[in-house]
Amino acid sequence: MLLSKIKYIKAIGVRCNSLHYVTTPIFYVNAAPHIGHLYSAVIADAHCRYQRLRYPEKTVILCTGTDEHGTKIQQAEAGNRAGSEAVHVSQYCDEISMRYRNVFQAAGILHDDFIRTTEQRHKQAVSHFWQTLQSRGHIYSAAYSGWYCVSDETFLTDSQLRVDEQSGTRYSLESGHPVEWTEETNYMFRLSQFQDDVRHWVKQEARIRPAKFEKILLDTLSEPLPDVSVSRPANRVHWAIPVPNDDTQTVYVWLDALINYLTSRGYPNEQYVTNWPPAQQVIGKDILKFHGIYWPAFLIAAGLSPPQQLYVHSHWTVDGQKMSKSKHNVVDPIKAAEQYTMEGLRYFLLREGVAHSDGNFSHVKALRILNSELADTLGNLLSRACAKSLNPQQMYPVPHAEHFSQLLRDLDAAKRMQEAKLQLAGRCEQHYESNHFHLVADTVIATLHATNNFFECTKPWELKADGSSPNAPRLETIIAMTMDALRLCGIVLQPMMPQLASRLLDKLNVPGSQRTWSVLSESCNNSKSCHLTGGNPVLFQRIVESAQLPSESHSPAKSLQSKRSKSKKQLKMS
Ligand code: MSP
């Protein structure tokens, strides 16, 4: 069914500018959280933190949670209790769901809602959504047979399978998991009728980002879409939401899971309308089909607007290999944070990850980046600018106009630093708007390199730090210009590393009201001097590897021990 343009516009809705609703996928409770899961959440969190900083007039809502139904969970729970004390599936869900909550709390994921699909509010939403689809004639009952992949919770067509010549076993091409022939009566959703609507939605400007994923969806949409089975027999999949008015069937876990985004906004109570549609939904590339084809089709069929944007990220490998329990290379975020700190881990994921291609998580790389960028380039500069030997009064001074102009006139390093400072906000804004966090980091680090260079060139340690010395105004100007750069970088870094940025801004005694994005476009120079706050300004302690370190090829979380200690330079300067 092709909606007319007017009908389509009505279904898509008008964007509500004052609300910015963002979601992460909800996480399966069949396994403990790893850095790949955290990555989805950190992207969404950094995006939301930037939105709040840049557009204080907007209400930004971030929703995350856990996906707790289906065969995967049934099986995980059964496996979990084999040979040990029986743990009821709901208790199992409680435990793993709590682990996600804890990891997200430790990582500073500022969510407004943490939804669990086993909650009553969600069951009501799923039931209502189902009845809406049914009453609109988009669901029918049919005998269904096909190759079913339990692990992927989906039926697959022949072209989506690989046959092992020797054993004859068929596997999902995409996930590699085995499939089994299944014949059952299911409820079907008329996906085939929404092909044109979905294609139209996908093709809208900036709908799917990065653009390579739009192409993948359009390729899928170039073939006729088959209708999709949206229920399972209750005797096979019992850990699921019952189909309304038919207790022999349960709701397909993907339909159930996708509806979480509506439940969180209060659906089906009317209030959800003001919170709909999502401005951005962050997902990994493995769940693109569900979010880029099924989800818009379900929503349009129910008379609701599909999301404004899908932001799709690629995956993390570890030392070049896919993370998997059998390879013992799954990186636990909590363990990784013991080595890198959570702020360091957030920084590494956002700095090294690019959405359009897979990233490799390696301890050596993490160590190199965190030590050189956070400990040396940023942390050490702060320590030097705050060193008692240079700054005995512990002030964030005001630059002296005459010296400021003179430095800019005579010194290339000062000009380059000033130029970088002036361009910082504009460039980072552009990068944040597209979730290009790695480019935000590049821009900040380039500004800090320019500032370090300025500091080195002006040799402030050769100017006597004595208020009565004739050099004092020049020295104060150098310190003020350096601290200004640090302050601006601290403001820009808040969405990526909220706690570290806050420690930096605290040290410089920057009041909360002066940490907003709009401050970045104000004159770069402080108008009033202020005292630094006390305490040790070591922002990020250098990670030092122990002598008996094994090689890179070992799992970082398991096999590497590293100590965190103050960098030599930082100790010297503080
Ligand atoms: N429960 C579904 C999502 C339902 S949303 C309505 C699911 N859960 S998941 O726990 O398997 O994955 C959640 C997210 O983690 C997905 O975005 C997925 O892409 C991401 N990651 C899982 N492994 C990953 C990596 N190795 N690297 C990066 N992200 C990965 O799918």
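Refer to the structure printed above.
Rules of the game
Residues numbered from 1 in each chain as written. Predicted model: local features only at pLDDT ≥ 70, side-chain atom pairs only at ≥ 80, totals over all residues. Heavy atoms only, no water. Helix = DSSP H or I, 4+ residues; strand = E, 2+ residues; numbered from the N terminus. Buried < 20%, exposed > 50% of the residue type's maximum accessible area, 1.4 Å probe, protein only. Contact = heavy atoms within 4.5 Å. Areas by Shrake-Rupley, 256 points an atom, 1.4 Å probe, with all protein chains shown as cover. Axes fitted to C-alpha atoms, helices over the stretch in contact; angles between N-to-C directions. Parallel < 35°, antiparallel > 145°, perpendicular 65-115°, else oblique. Left-handed = near helix turned anticlockwise from the far one by under 90°. Nonpolar A, V, L, I, M, F, W, Y, C, P; charged D, E, K, R; others polar. Salt bridge = Lys/Arg side-chain N within 4 Å of Asp/Glu carboxyl O. Arc of directions from axis to C-beta. Polar contact = N/O pair within 3.5 Å; in protein donor to acceptor, adjacent residues only side chain to side chain. Pairing = 2+ DSSP bridges. 1 Å grid on protein atoms, 1.4 Å probe; cavity = no way out; pocket = protein on both sides within 12 Å on 5 of 7 lines; lining within 4 Å. Points joined across faces, edges and corners; volume = space filled by probe spheres on them. Phe/Tyr/Trp six-rings, centres within 6.5 Å; stacked < 30°, edge-to-face > 60°. Lys NZ or Arg CZ within 6 Å of the ring centre and 35° of its normal. Near = heavy atom within 4 Å.

**Q** Explain the overall build of the protein here, please?
**A** A count of helices and strands for the protein gives 20 helices and 23 strands. In the protein, buried positions account for 56% of the 574 residues. By sequence separation, contacts in the protein at least 24 residues apart represent 76% of the contacts at least 6 residues apart. In the structure as shown, the protein presents an accessible area of about 24,400 Å², 50% of it carried by carbon and sulfur atoms.

**Q** How do you make sense of the packing of helix H6 (residues 195-202) against helix H7 (residues 211-221) when you look at a structure like this?
**A** When two helices pack together, you describe them by how their axes are tilted relative to each other and by the distance separating the axes. Following both chains from N to C, one finds H6 and H7 inclined at 165°, their axes separated by 10 Å at the closest point. When the interaxial angle is binned, H6 and H7 end up roughly antiparallel. When you trace H6 past H7, the crossing you get is left-handed. For the pair H6 and H7, the contacting residues are Gln195, Val198, Arg199 and Val202 in the first and Glu214, Leu217, Leu218 and Leu221 in the second. The residue makeup of the contact of H6 with H7, split by class, is 5 nonpolar, 1 polar and 2 charged.

**Q** Got a minute to help me understand the pattern of salt bridges in this structure?
**A** Two side chains with opposite charge may pair up if their charged atoms get near one another. The full count for this structure, using the stated rule, is 21 salt bridges. Taking the shortest distance from any N to any O, the salt bridge between Asp412 and Lys415 comes out at 3.4 Å. With Asp412 and Lys415 both in helix H15 (residues 412-433) and 3 residues apart, the pair spans about one turn of that helix. With a relative accessible area of 47%, Asp412 lands in the partly exposed category. A residue is classified by how much of its surface remains accessible, and Lys415, at 38% relative accessible area, is partly exposed.

**Q** Explain the environment of Leu161 here, please?
**A** Following the sequence through the fold, Leu161 ends up in strand S7 (residues 161-163). Leu161 sits 14 residues away from Ser175 along the chain, and the two C-alpha atoms are 9.8 Å apart. Those residues within four positions of Leu161 in sequence are excluded, and the remaining contacts are Trp147, Leu156, Arg170, Tyr171, Ser172, Leu173 and Val179.

**Q** Mind showing me how you'd approach helix H11 (residues 333-340) here?
**A** An α-helix turns once per 3.6 residues; consequently, residues spaced three or four apart project the same way. For H11, every residue scored as buried is listed here: Pro333, Ala336, Ala337, Gln339 and Tyr340. Angularly, the buried residues of H11 cover 160° about the axis, an arc narrow enough to put them on a single face. Between the side-chain oxygen of the N-cap and the backbone nitrogen of Ile334 there are 2.8 Å, and the N-cap of H11 in question is Asp332. Where H11 terminates, the next one or two residues include Thr341, which has phi positive at roughly 70°.

**Q** How should the sheet that holds strand S19 (residues 359-361) be read in this particular structure?
**A** Each strand in a sheet pairs with another by means of backbone hydrogen bonds, the pair being arranged parallel or else antiparallel. Spatially, S18-S17-S19 is the arrangement adopted by the 3 strands of the open sheet, whose pairing is mixed. Of all strands in the sheet, those bounded by a partner on one side alone are strand S18 (321-322) and S19. Each of strand S17 (316-318) and S19 is contacted by helix H12 (residues 342-352), which is oriented at about 150° to S19, the strand it contacts most.

**Q** What am I meant to see in the side chain of Thr458 here?
**A** As for its placement among the helices and strands, Thr458 is situated in helix H16 (residues 437-458). The exposure class assigned to Thr458 is buried, which follows from its relative accessible area of 6%. A distance of 3.1 Å separates a polar atom in the side chain of Thr458 from the backbone oxygen of Phe455. In contact with Thr458, other than residues within four places in its own chain, are Leu407, Leu411 and Ile478.

**Q** It is not clear to me how the layout of surface pockets should be interpreted in this structure. Could you clarify?
**A** To find the voids left in a structure, one rolls a probe of water-molecule size over its atoms. The space that makes up the second largest pocket amounts to roughly 480 Å³. Lining the second largest pocket are 26 residues, with Ala206, Arg209, Gln280, Gln309 and Glu433 sitting closest to its centre. Breaking the lining of the second largest pocket down by element, the ones donating at least two residues are helix H2 (35-54) and H16. Within the lining of the second largest pocket, the residues separate by chemical class into 8 nonpolar, 12 polar and 6 charged.

**Q** Sorry if this is basic, but what is going on with the sheet that holds strand S6 (residues 154-156) here?
**A** Across the sheet, which stays open at both edges, the 4 strands sit in the order S6-S5-S9-S11 with antiparallel pairing between neighbours. Strand pairing shows two members of the sheet lacking a second neighbour, S6 and strand S11 (228-229), which therefore form its edges. The sheet contact formed by strand S9 (residues 180-189) and S11 spans 2 bridges and is antiparallel. Of the residues in S11, the one forming a bridge with Phe189 is Val228. Along the sheet face, helix H10 (residues 288-301) touches S6, S9 and S11 and points at about 35° away from the line of S9.

**Q** Sorry, what's going on with the pairing of strand S15 (residues 280-284) here?
**A** Burial within S15 is extensive, with 5 of its 5 residues counted as buried. Burial along S15 is two-sided: the face carrying Gln280, Val282 and Gly284 and the face carrying Gln281 and Ile283 are both buried. Alignment of strand S1 (residues 19-23) against S15, held across 2 bridges, turns out to be parallel. Residue pairing in the sheet places Thr23 in a bridge with Gln281 of S15. Bridge analysis of S15 against strand S16 (residues 310-313) gives 4 bridges, and the strand direction is parallel.

**Q** Can you walk me through the packing of aromatic side chains in this structure?
**A** For any pair of aromatic rings, the description rests on two quantities: the centre-to-centre distance and the angle between the ring planes. Using the criterion set out here, one finds 28 aromatic pairs in the structure. Judged by centre distance (5.0 Å) and plane angle (80°), the ring pair of Tyr267 and Tyr272 falls under edge-to-face. Comparing Tyr267 with Tyr272, the two get one shared label, buried. Cluster of aromatic residues (ring-pair linked, three or more members): Phe189, Phe194, Trp254, Phe290, Tyr294 and Phe298. Over the ring of Tyr148 we find Arg236, and its NZ or CZ is 4.7 Å from the ring centre.

**Q** Sorry if this is basic, but what is going on with the site of the ligand here?
**A** The ligand sits among 24 residues. The nearest are Ile26, Asp67, Gly284, Asp286 and Trp316. The separation between a nitrogen atom of the ligand and a polar main-chain atom of Ile26 is 2.8 Å. Contact with the protein chains covers 93% of the free accessible surface of the ligand, which is 670 Å². For the shell around the ligand, the secondary-structure elements that each account for two or more residues are strand S2 (27-28), H2, helix H8 (253-258), helix H9 (260-263) and S15. Here the residues of the shell around the ligand are counted per class, giving 12 nonpolar, 10 polar and 2 charged.

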